[in-house]
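Fold and geometry: a report
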Amino acid sequence: MQYYEEDKSRRKKTSTIKRDLSTTNNKSVINVLSKEAATAPIDYPTSQRFLALPPAIGIHLAIGSVYVYSMWTPGMSKALGVVAAAPSDWTHSELLPVFSCAAVVLGVTTSALGEWVEKSGPRRSGMVGSAFWSGALLTTALGIETHTLPLVYLGYGVLGGVGWGLMYLTPVTSAMKWFPDRRGFATGVALSAFGAGAAFAPSVIHGLVDHFSVAPEFIGDCVLTIGGIDIDGVTKPLVELATLEDGSQVVANTSPVGRPGTPVVVATEADVAKCSGITTCPGVYAIETGDTGISKAMASLGIIYGVLGAVASRFMKIPHPEWIPERASASGSVDDNNEKADAKINATNNFGLPASYVTTNTTQFPLLWLAVFGNATGGLALLSSSKVMLTDIFAGLAPHIVTPSFSTGYVSALGVGMALGRFGWSAISDVLGRKNTYALFGLGIPIVGFTPYLCHTVVDMATGAAGGEVDMWPLVAFYSGSVLTITFYGGVFSVLPAYIADLFGQKYAGAIHGKALTAWATSAVAGPMGLAYLRSHAYQNAIEDLLQTIEGHDASALERSFGVSVNDDASIQNMINAKTLTIEKLMELTPPGTVDPTPYLYNTTLYVAAGLMSVAFLSNLAIRPLDLKKELKRL
């Protein structure tokens with residue numbers, strides 16, 4: 001009995017110890033992520049503040065891939081057809097708003113949680129942001145795999161927007177606190193990693209997609225892909241297709257090739273040229289028999305980026321509230337020189353106007369908001385569709401150069417440009433000033449406005465080349481000009497935190513930055529969604545023009561290839577909606593010398609973007625500095 005009591009007592013103590021250890025471990029994990037744990041001592045050496053930058057760089061490397069959404073959309077828009085869009089595949093008009101949704105949620109997150117990021121500290125906010133971003137990619141991958149569009153919006157659009165906002169703000173506000181005397185440098189280093197993440201991601205995505213992609217089942221050729229001609233003197237049996245009432249196509253019951261009733265897509269030479277990682281030829285393919293590799297590639301990156309962001313967040317560090325770098329603390333005496341005193345006060349992290357006052361009682365904030373909105377719209381219109389835009393404009397001019405690999409390199413080049421712009425322009429702004437630097441971004445206006453002329457030049461050259469060599473200067477001009485424009489876009493956001501701190505003080509710069517990023521969120525809606533609408537409208541007009549050309553040349557060509565009369569408007573519209581009738585397929589039926597309208601699809605969008613960038617330029621010129629001491633006395 002005594003032994004039993006002793007054993008019972010021993011087990012009770014052991015249980016208590018285990019419970020205490022568990023509680024202690026849980027508390028230790030929480031404490032490691034707390035703001036107090038991330039705060040350096042007040043006597044932290046100024047020479048060691050650079051050690052706070054690598055974790056910030058790691059977080060932005062993880063979230064930077066959000067900008068290469070255009071790497072995903074080509075595969076997402078033909079997830080079922082793989083080599084060409086199937087009737088049930090998503091359109092670009094359905095997919096581009098996903099990026100806009102993420103941008104809206106980003107704006108809401110930075111605006112609503114900007115103060116929470118300040119209070120909770122960089123480790124907790126960075127860890128939460130990493131979890132959201134990882135979950136976003138995994139959820140989006142599930143949506144693509146199951147072909148459920150709401151899941152794509154929930155993943156990339158909602159969860160991704162929250163993760164984007166938290167992982168964007170956390171490193172920026174922390175870096176600025178370590179470098180109050182070199183704000184442009186600090187934000188430039190942190191945000192250049194954001195651009196570097198966008199530069200590295202395309203090659204990684206391209207490699208993963210190629211690895212996971214699977215070619216669909218090839219059924220055979222049809223009249224549209226070989227024109228029904230004899231090959232080597234032997235008539236090749238062709239797949240006969242039947243067009244259903246909804247505009248989709250299946251293998252006809254009378255077809256000598258293929259299983260009757262099989263849903264199919266027809267891939268032209270132009271469609272095949274856009275395929276990445278799959279060796280195919282023009283012809284008829286069965287729907288839902290292949291894999292673009294997009295969902296598996298996205299899921300893989302979701303895991304990788306989640307781990308990278310979490311590890312980097314664990315080692316984030318911020319200075320003590322009363323810490324001042326040695327050079328700033330030795331900048332001068334308050335009594336001796338008022339200008340030096342102002343510089344010294346403004347160099348601390350405890351001086352500035354509250355966000356609520358700035359947004360409601362100053363004219364500088366709405367002008368700065370407009371400057372961000374206008375400059376960002378042009379860059380976002382390009383970033384959200386860069387791969388598709390390059391292919392649409394230049395694939396006809398140089399199909400052997402503008403390949404999927406070349407397009408991937410172009411997206412990476414834009415990421416490099418953004419990284420260089422984020423670091424370079426922020427550092428330059430320390431010398432030129434924030435307002436003067438923003439004024440230089442106006443150089444993007446003629447570049448964007450000049451692009452439609454390049455499109456017309458491309459069409460003229462492609463039409464007149466007739467298979468011969470063509471001058472590649474339009475491609476070079478577009479490539480270099482768009483990369484330069486993206487450096488301006490990157491500079492807008494790397495200079496913005498320092499611009500805010502200069503205008504309104506550093507103390508509440510993080511919260512004000514969150515409010516200002518609603519301008520970016522608005523531009524992310526106006527840019528991609530405006531592009532989707534204007535491109536869709538231009539695409540419909542181009543189809544109608546080609547149909548008129550075919551009717552005037554050979555009215556029976558459409559019926560031979562698609563089984564529908566050129567005068568049957570209802571059936572034709574159904575086939576357009578089902579992606580059965582596309583510009584690429586109609587170009588196969590047009591007479592020689594017909595101009596391919598594809599490069600013209602973006603003209604209106606580019607003119608609108610140039611106009612908004614002009615508004616941004618004028619808004620920046622209207623900004624005047626604030627007397628912070630005077631404004632603080634009013635509070």
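To be clear, the structure that these remarks concern was listed above.
The structure displayed is predicted, hence computed values, not measured ones.

Attention shifts here to the overall build of the protein. Within the protein one finds 26 helices and five strands. Evaluated residue by residue, the protein yields a buried proportion of 54% over its 635 residues. Here the protein displays about 26,100 Å² of accessible surface, and carbon together with sulfur accounts for 60% of that area.

Turning next to the pairing of strand E5 (residues 283-286). With two bridges joining them, strand E1 (residues 218-220) and E5 adopt antiparallel strand pairing. From the neighbouring strand, Gly 220 faces E5, where its bridge partner is Val 284. Relative to E5, strand E4 (residues 263-267) runs antiparallel, the two being bridged by four bridges. Its bridge partner lying in E5, Ala 267 is registered against Gly 283.

A separate point is the sheet that holds E4. The strand order across the open sheet built from five strands is E1-E5-E4-E3-E2, with neighbouring strands paired in antiparallel fashion. Each edge of the open sheet is held by one strand with a lone partner, namely E1 and strand E2 (241-243). Each strand of the sheet is rotated relative to its neighbour by a mean of 45°, with strand direction disregarded.

With that out of the way, let us pick up a nonpolar patch on the surface. On the surface, Leu 138, Ile 303, Val 307, Val 311 and Phe 315 cluster together to form a nonpolar patch covering roughly 470 Å² of accessible area. The biggest single contributor to the nonpolar patch is helix H11 (residues 294-314), with three residues. Looking at the secondary structure, you find Leu 138 in helix H6 (residues 122-145).

What follows deals with unusual backbone geometry. Look at Val 82: it is not a glycine, yet its phi comes out positive at around 70°. Topologically, Val 82 is positioned in the loop between helix H4 (73-76) and helix H5 (92-120). On the basis of relative accessible area, Val 82 is assigned to the buried category, the value being 2%. One non-glycine residue, His 147, lies in positive phi territory at about 55°.

Below, the discussion takes up the packing of helix H15 (residues 364-383) against helix H25 (residues 603-621). At a minimum axis distance of 7 Å, the contact between H15 and H25 shows a crossing angle of 150°. On the basis of their axis angle, the class for H15 and H25 is roughly antiparallel. Handedness of the H15/H25 crossing: left-handed. Between H15 and H25, the contacting residues are Leu 367, Leu 370, Ala 371, Phe 373, Gly 374, Asn 375, Thr 377 and Gly 378 on the first element and Ala 609, Leu 612, Met 613, Ala 616, Ser 619 and Asn 620 on the second. In terms of residue class, the contact of H15 with H25 is made up of eight nonpolar, six polar and no charged.

For the rest of this paragraph, the subject is H11. Between its terminal C-alpha atoms H11 stretches 30 Å, which fits the 30 Å expected from 21 residues at 1.5 Å a residue. Here H11 has its buried residues at Ile 294, Ser 295, Ala 297, Met 298, Leu 301, Gly 302, Tyr 305, Gly 306, Gly 309, Ala 312 and Ser 313. Down the axis, H11 shows its buried residues gathered within 165° of arc, on one side only. Those residues of H11 that are exposed and angled more than 90 degrees off the buried face are Ile 303 and Val 307.

Core analysis: the biggest nonpolar cluster contains 116 residues, and Tyr 67, Trp 72, Trp 164, Tyr 438 and Trp 520 have the highest contact counts within it. Not counting residues up to four positions away in its chain, the partners in contact with Trp 72 are Tyr 156, Ile 205, Ile 294, Ala 297, Met 298 and Leu 301. Val 251, Ala 286, Leu 581 and Ile 583 belong to the second-largest nonpolar core, a separate cluster that totals 27 residues.

The subject of this paragraph is the pattern of salt bridges. Summed over the entire model, instances satisfying the criterion amount to seven salt bridges. Between Asp 291 and Lys 296 there is a salt bridge, and its shortest N-O distance comes to 2.8 Å. Judged by relative accessible area, Lys 296 falls into the partly exposed class, the value being 33%. Notably, a salt bridge pairs Arg 434 with Asp 502, separated by 2.6 Å at the nearest N-O pair. Taken together, the positions of Arg 434 in helix H18 (residues 434-440) and Asp 502 in helix H20 (residues 473-504) put the pair 68 residues apart, joining distant regions of the chain. Connected via shared salt-bridge partners are Glu 145, Asp 291 and Lys 296.

Turning our eyes to something else, we now look at the packing of aromatic side chains. A complete count under the given rule lists 24 aromatic pairs for this structure. On the numbers, 5.7 Å between centres and 80° between planes, the contact of Tyr 168 with Phe 194 is edge-to-face. Within this pair, whereas Tyr 168 is found in helix H7 (residues 149-178), its partner Phe 194 is found in helix H8 (residues 183-212), the two being separated by 26 residues in sequence. Neither Tyr 168 nor Phe 194 differs from the other in exposure class; each is buried.

Another aspect to go through is helix H3 (residues 53-63). With eight of 11 residues buried, H3 is to be regarded as a mostly interior element. Among all positions of H3, only Leu 53, Pro 55, Ala 56, Gly 58, Ile 59, His 60, Ala 62 and Ile 63 are buried.

Relative orientation of the contacting elements H15 and H20 amounts to 155°, with a least axis distance of 10 Å. As far as their axial angle goes, H20 and H15 are roughly antiparallel. Seen from above, H15 lies across H20 with left-handed handedness. Residues Gln 364, Phe 365, Leu 368, Val 372, Asn 375, Ala 376, Gly 379, Leu 380, Leu 382 and Leu 383 of H15 pack against Phe 478, Ser 482, Ile 486, Tyr 489, Val 492, Phe 493, Leu 496, Tyr 499, Ile 500, Leu 503 and Phe 504 of H20. For the contact of H15 with H20, the residue count by class is 17 nonpolar, four polar and no charged.

Now for the side chain of Asp 392. Position of Asp 392 relative to the elements: it lies in helix H16 (residues 386-394). Residue classification places Asp 392 among the buried positions, given a relative accessible area of 9%. Looking at Asp 392, its side chain comes within polar contact range of the side chain of Tyr 602, at 2.5 Å. Aside from chain neighbours lying at most four places away, what touches Asp 392 is Lys 274, Arg 535, Thr 598, Pro 599, Leu 601 and Tyr 602.

Before going further, it helps to spend a moment on the side chain of Arg 422. Structurally, the position occupied by Arg 422 is in helix H17 (residues 404-432). Despite being buried, Arg 422 has no salt bridge partner; Asp 430 is the closest side chain of opposite charge, sitting 15 Å away. Residue contacts for Arg 422: discarding those within four places in its chain leaves Tyr 67, Tyr 168, Gly 188, Leu 191, Ser 192, Phe 194, Gly 195, Tyr 489, Gly 490, Gly 491, Phe 493 and Ser 494.

So, on to the pairing of E4. Counting buried positions over the five residues of E4 gives four, a clear majority of the element. For strand E3 (residues 249-251) and E4, the ladder comprises two bridges, and the chain directions are antiparallel. Looking across to E4, one finds that Val 250 is bridged to Pro 263.

Right, let's get into the environment of Tyr 508. Turning to its location among the elements, Tyr 508 is positioned in the loop between H20 and helix H21 (509-553). The sequence separation of Tyr 508 and Thr 173 amounts to 335 residues, and the corresponding C-alpha distance is 9.8 Å.

Here we take up a negative patch on the surface. Taken together, the side chains of Glu 544, Asp 545, Asp 568 and Asp 569 define an acidic patch exposed on the protein surface. Turning to its location among the elements, Asp 568 is positioned in the loop between helix H22 (557-562) and helix H23 (569-577).

The rules behind the values
- Counting of residues starts from 1 at the beginning of each chain's written sequence and follows it residue by residue.
- For a predicted model such as this one, the threshold for reporting local features is a pLDDT of at least 70, and the threshold for listing and counting side-chain atom pairs is 80 or more; totals across whole chains, interfaces and linings nevertheless cover every residue.
- Hydrogens are left out, water is left out, and the side-chain values use all remaining heavy atoms of the structure.
- A run of H or I in DSSP counts as a helix once it spans at least four residues, and a run of E counts as a strand once it spans at least two, with each numbered from the N terminus.
- Burial classes follow relative accessibility: with a 1.4 Å probe on protein chains only, a residue under 20% of its type's maximum area counts as buried, one over 50% as exposed, and anything between as partly exposed.
- Residue burial considers only the protein chains on display, and all accessible areas are found by Shrake-Rupley using a 1.4 Å probe.
- A pair of strands is labelled paired if DSSP reports no fewer than 2 bridges between them.
- For every element, the axis is a line fit to its C-alpha atoms; helices are fit only across the contacting stretch, and the angle between N-to-C directions ranges from 0 to 180 degrees.
- Like-charged residues within 9 Å of one another, or nonpolar side chains (Val, Leu, Ile, Met, Phe, Trp, Tyr) within 5 Å, are grouped into patches, provided each residue has over 30% relative accessible area and no salt bridge.
- Salt bridges are counted wherever a side-chain nitrogen of Lys or Arg sits within 4 Å of a carboxyl oxygen of Asp or Glu.
- An angle counts as roughly parallel when it lies under 35 degrees, as roughly antiparallel when it exceeds 145, as roughly perpendicular when it falls between 65 and 115, and as oblique in every other case.
- In a left-handed crossing the near helix is turned counterclockwise from the far helix by less than a right angle, and in a right-handed crossing that turn is clockwise.
- Contact between two residues is taken to exist if any of their heavy atoms lie within 4.5 Å; hydrogens are not considered.
- Throughout this entry, Asp, Glu, Lys and Arg are counted as charged residues, while Ala, Val, Leu, Ile, Met, Phe, Trp, Tyr, Cys and Pro are counted as nonpolar. The remaining residues, Gly among them, count as polar.
- One less than the residue count of a helix, multiplied by 1.5 Å, gives the span that helix is expected to have.
- Starting at the helix axis, one direction is taken to each C-beta atom, and the arc is that of these directions.
- Take the buried residues of types Ala, Val, Leu, Ile, Met, Phe, Trp, Tyr and Cys, join any two whose side-chain atoms come within 4.5 Å, and each joined set is a nonpolar core.
- In summary, the pairing rule links any two rings of Phe, Tyr or Trp, Trp by its six-membered ring, whose centres are within 6.5 Å, and it sorts them by plane angle into stacked for under 30 degrees, edge-to-face for over 60 and tilted for everything else.
- For this analysis, a polar contact is any N or O atom pair within 3.5 Å, provided that within protein one partner can donate a hydrogen and the other can accept it, and provided that sequence-adjacent residues contribute only side-chain to side-chain pairs.
- Note that His is not counted, nor are the chain ends; the positive residues are Lys and Arg, and the negative ones are Asp and Glu.
- A single reference atom marks each charge: NZ on Lys, CZ on Arg, CG on Asp, CD on Glu.

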